[in-house]
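# Summary of structural features
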Amino acid sequence: MTVAAIEAVDVSRTYELDGVSVSALRGVSLTIDQGEYVAVIGPSGSGKSTLMHLLGGLDRPSGGRLVIGGRDVASLTAPELATLRNETIGFVFQAFHLLARTSAVDNVALPLVYRGVGARQRRERAAAMLGRVGLGHRLHHRPNQLSGGEQQRVAIARALVTEPAVLLADEPTGNLDSVTGEAVLELLERLNAESGVALVMVTHDQEVAARARRRIAVRDGLIRSDTVHDRPGSAGAGEPATLDPAPSAEPRSASGSGPGRPSGGSGGATGATGRLPHAAGGAG
Amino acid sequence: MRVAEAWRVALDALRANRMRSVLTMLGVIIGVASVVILVAIGTGTKQQVEQQVEGLGSNLLLVVPGKIEVGTAPVVSPLDLKDVDAVSRVVGDPSRVAVTVASGATARAGNRSDFTTVQGVLETTPSVFTRSLQRGRYLTGADVDTSRRVAVLGASVARALFPDRDPLGQQVTLAGVRFRVIGVFAPLGQSLGVDRDDEVHVPVTAAQRLWGTQRIDGIAVKAPDRERIDQLGERIVAELSRRHPDTEFSAVTQQQILGVLGDILGVLTGVLAAIAGISLLVGGVGVSNIMLVSVRERTREIGLRKAVGARPRDIGVQFLLEAVLLTSIGGLTGMALGVGTALLVDAFSPIPAAITWWSLALAFGVSAAVGIVFGVVPAQRAGRLDPVVALRAE
Ligand SMILES: Nc1ncnc2c1ncn2[C@@H]1O[C@H](COP(=O)(O)OP(=O)(O)OP(=O)(O)O)[C@@H](O)[C@H]1O
Ligand SMILES: [Mg+2]
């Protein structure tokens, strides 16, 4: 039996803004299994980034239960959570967030610094990772000497150098033109397929979302649909998916709010059978 | 994160903002350098004065009217030469007793003039105080007995009045009266900024006549042995008090003078060091300020580091090391600057300066401590930043 990489049960997140509380997430349940490819879509302000921050242990939920890599976030201290992030999660941001004045290889090696890996080994692993994202010839370039697409590939290498279980990418192509964005997307998909790292990617682009096997639609801080598609790339990742189901789409877990939400439980069971080889045993 | 790594990151951060780092360090550099320089000057002066007091001659006892205390006004002396005879009888040896009656006067020779101190003295002065001549001879008993108008010039006075002539045998006019130069003192140098060669010795009798007085300002006695010097002082004071019941007299030894001077100069050095310490503190505030700016500027970097697994402590240590590195490098530079300046001052100016190891250790220790104290708040702030908020920072 495989363990879910991330498990969220009725997770909510409320911000206090000048005494007014803003609910960015209002009770979200989902499970990210190992090796999955999940697209998260939804309008601006719907809570996608908030969800990613929670799933990555960068933020703590205001309510509900969140288990990352088998560990309940609520029971962890700040340093423990930092170590968990380091070991389990890789982040890719829309804005790259590379350290300026720092070479590509040192940027990629950064997570290994906090893991206590020695300098020589760090560089070797970072250089190898840069090779895998096609930047073996750009090891000593600084971010301002790299194109946007190259910078994002450095960021991807940094996210994967620790061999995390989950790669969380929040609009990774948002700052790139379509051709460059497509290349980055293909790289992410290839790494997902090759290394078995689960890929959770926020996107605004329906076509991009359609390439993912599983699509989660978020609206107003709630999951409106969570569907699995046998044939990735099929149309109909429309939102909410439940209103316009694609022929092959199956609802993965309970979605929507209010009455009739069948289950807030982890990793909805419906339609899971035979979906993913390793997920089959985990569900149900 | 390993400590070596944290050092490297901190050093990189300082290098990235080279100009700002240097300017921030400047506060610490100036602070540390001034501590080192001022303490060196204080110490050097103290050593020099002590040497000079010791050089006055051993077993010296100074007898003056009034109390010898800081802050007491000088008393008009009731002493005259008859009292000196009485003191000589107490001592038992007139050659161990010296006197002075001193006043400022203008010395002239030809068309040159120099304002100086004229001292009326006995012929015993060179043996009571250790004084040696460069040229000519000193006053004799006969000179004193006959109020002969002869003078021995201090090195500065000789240089001022006779820059290109041999002063021996020449005439000088002191307060309008002509004297003949019979000798020139070997130079003594400066003490606490006072030129000790700026004086003219004449027979005490001639001086008294010059100013129309019978007064003696003070008596100095070279005690026959060190053990009974205090006892001798008490006997002299008792004798003078008997002769002048209305006046209080004090006898101080060289040791007491050394002690008082040492105390005064010690306090002075301490005050100087404290003033310099304040500038070090101001430098520390500058470091704190820049560290806060640095944390704000690098908020996104902090967010990113946390996202990839930096613990709050890792971030805190990184910024603390940066502050400590700033002040330590500043401290070392300031020490080098301070030592260099102090050596130059000592070599090329009349101000003495002596480097002490404790001032170096103190200055460096304080500058490193300043880095810790003033780096803690910015470092804690950086460590506690919420990563999500930090990543969103502009
Ligand atoms: N730090 C915060 N303080 C207050 N409100 C916040 C904060 N962060 C997010 N929110 C609010 O929470 C809601 C969800 O924000 P979130 O960034 O998750 O949206 P999103 O789906 O990622 O949007 P976008 O597609 O524009 O990136 C928004 O209404 C936002 O205003
Ligand atoms: Mg967002």
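The shown structure was predicted, so the numbers you read here are calculated from the model rather than taken from an experiment. (Residues numbered from 1 in each chain as written. Chains lettered and ligands numbered in written order. Predicted model: local features only at pLDDT ≥ 70, side-chain atom pairs only at ≥ 80, totals over all residues. Heavy atoms only, no water.)

## A closer look at the overall build of chain B
Note the following rule: Under the scheme used here, helices are H or I runs from DSSP no shorter than 4 residues and strands are E runs no shorter than 2 residues, and both carry numbers assigned from the N terminus. Radius of gyration here uses only the C-alpha atoms, and the compact-globule reference equals 2.2 Å multiplied by the residue count raised to the power 0.38. Remark: exposure states derive from per-residue accessible area (1.4 Å probe, protein chains only) relative to the maximum for the residue type, with buried under 20%, exposed over 50%, and partly exposed in between. Note on contacts: a residue pair is in contact if any heavy atoms of the two residues lie within 4.5 Å. Lys and Arg are tallied as positive, Asp and Glu as negative. Neither His nor the chain termini are counted. All charge positions are set by atom: Lys at NZ, Arg at CZ, Asp at CG, Glu at CD.
Summing up its helical and strand segments, chain B has 13 helices and 12 strands in all. Against the compact-globule benchmark of 21 Å for 394 residues, chain B has a radius of gyration of 32 Å, which places it well outside the compact range. C-alpha atoms of chain B, sized along the principal axes, occupy 100 × 50 × 30 Å. Across the 394 residues in chain B, those meeting the buried criterion constitute 49%. Residue pairs in contact within chain B that sit at least 24 positions apart in sequence constitute 79% of those at least 6 positions apart. Where the 40 positive side-chain charges of chain B centre and where its 35 negative ones centre are 7 Å apart.

## Overview of the pattern of salt bridges
Put simply, the rule reads: By definition here, a salt bridge exists when the distance from a side-chain nitrogen of Lys or Arg to a carboxyl oxygen of Asp or Glu is within 4 Å.
All chains considered together, the criterion is met by 28 salt bridges over all chains. A salt bridge links A:Glu194 to A:Arg132, with the nearest nitrogen and oxygen atoms 3.5 Å apart. Of this pair, A:Glu194 sits in helix H6 (residues 178–195) while A:Arg132 sits in helix H4 (residues 119–132), and the two are 62 residues apart along the sequence. We classify A:Arg132 as partly exposed; its relative accessible area is 36%. B:Asp93 is the partner of B:Arg96 in a salt bridge, and the nearest nitrogen-oxygen pair spans 3.6 Å. A relative accessible area of 24% means that B:Arg96 is categorised as partly exposed. Overlapping salt bridges, with partners in common, bring together A:Arg122, B:Glu5, B:Arg8, B:Asp12 and B:Arg15 in one network.

## Quick word on the interface of chain B and chain A
Stated formally: By convention, the term buried area covers the 1.4 Å-probe accessible surface removed from two parts as they join, with the contributions of both added. Nitrogen and oxygen atoms within 3.5 Å of one another constitute a polar contact, given that in protein one can donate a hydrogen and the other can accept it, and given that sequence-neighbouring residues count only through two side-chain atoms.
Facing 23 residues of chain B, the contacting portion of chain A comprises 25 residues. Interface area, chain B with chain A, both sides summed: about 2100 Å², of which 62% is carbon and sulfur. On the chain B side of the contact with chain A, B:Leu304, B:Val308 and B:Val388 bury the most area, a combined 25% of that side's loss. In this structure, the connection of chain B to chain A is made through one salt bridge. Salt-bridge contacts for B:Glu5 lead to A:Arg122; the nearest nitrogen and oxygen are separated by 2.7 Å. The interface formed by chain B and chain A contains four residue pairs in polar contact (both at pLDDT 80 or more). Elements represented by at least two residues in the side of chain B that touches chain A include exactly helix H1 (3–16), helix H10 (299–307), helix H11 (312–348) and helix H13 (387–392) of chain B. When residues of the side of chain B that touches chain A are assigned to their parent elements, the largest contribution, six residues, is made by H10(B).

## Observations regarding H6(A)
Along an α-helix, a turn takes 3.6 residues, which lines up residues three or four apart on a common side. All names here are of chain A. Operational definition: Between the first and last residue of a helix there are one fewer steps than residues, each counted as 1.5 Å, and that sum is the expected span.
For H6, which comprises 18 residues, the first-to-last C-alpha distance of 25 Å matches the rise-based estimate of 26 Å (1.5 Å per residue) to within 8%. Taken together, the buried positions of H6 are Gly-181, Val-184, Leu-185, Leu-187, Leu-188, Glu-189, Leu-191 and Asn-192. Packed against the buried residues of H6 are strand S3 (37–41), H4, helix H5 (148–160), strand S7 (166–170), strand S8 (198–202) and helix H7 (206–210). Positive backbone phi, approximately 75 degrees, marks Gly-196, located one or two places after H6.

## So, the pairing of strand S6 (residues 89–92) of chain A
Residue and element names in this part refer to chain A. Selection rule: Any two strands between which DSSP finds at least two bridges are classified as paired.
Side chains Ile-89 and Phe-91 of S6 all project onto a buried face; the interleaved residues Gly-90 and Val-92 project onto the opposite face, where all are buried too. Pairing of S6 with S7 involves four bridges; the strand directions are parallel. By the bridge assignment, Gly-90 is partnered in S7 with Leu-167.

## A word on the site of ligand 1
Let me state the cut-off plainly: Only heavy atoms are used to decide nearness, and a residue is near a molecule or strand if one of them lies within 4 Å of it. With residues, only the protein chains shown are counted as cover, and all accessible areas are computed by Shrake-Rupley using a 1.4 Å probe.
Around ligand 1 sit 14 residues in total, of which A:Ser44, A:Lys48, A:Ser49, A:Thr50 and B:Arg392 are the nearest. With respect to ligand 1, its neighbouring residues span chains A and B. Separating an oxygen atom of ligand 1 from a backbone N or O atom of A:Ser46 is a distance of 3.3 Å. Contact distances for ligand 1 include 2.7 Å between an oxygen atom and a side-chain N or O atom of A:Ser49. In isolation ligand 1 offers 630 Å² of accessible surface; the protein chains occlude 71% of this area. For the shell around ligand 1, the secondary-structure elements that each account for two or more residues are strand S1 (6–17) and helix H1 (48–55) of chain A.

## A look at a nonpolar patch on the surface
Put simply, the test is: The patches reported here contain residues having more than 30% relative accessible area and no salt bridge. Joining distances are 9 Å for like charges and 5 Å for nonpolar side chains (Val, Leu, Ile, Met, Phe, Trp, Tyr).
Taken together, the side chains of B:Met19, B:Leu23, B:Leu26 and B:Ile30 make up a nonpolar region of the molecular surface, amounting to roughly 410 Å² of accessible area. Note on placement: B:Leu23 falls in helix H2 (residues 18–55).

No statement about biological role is implied by the geometric values presented.
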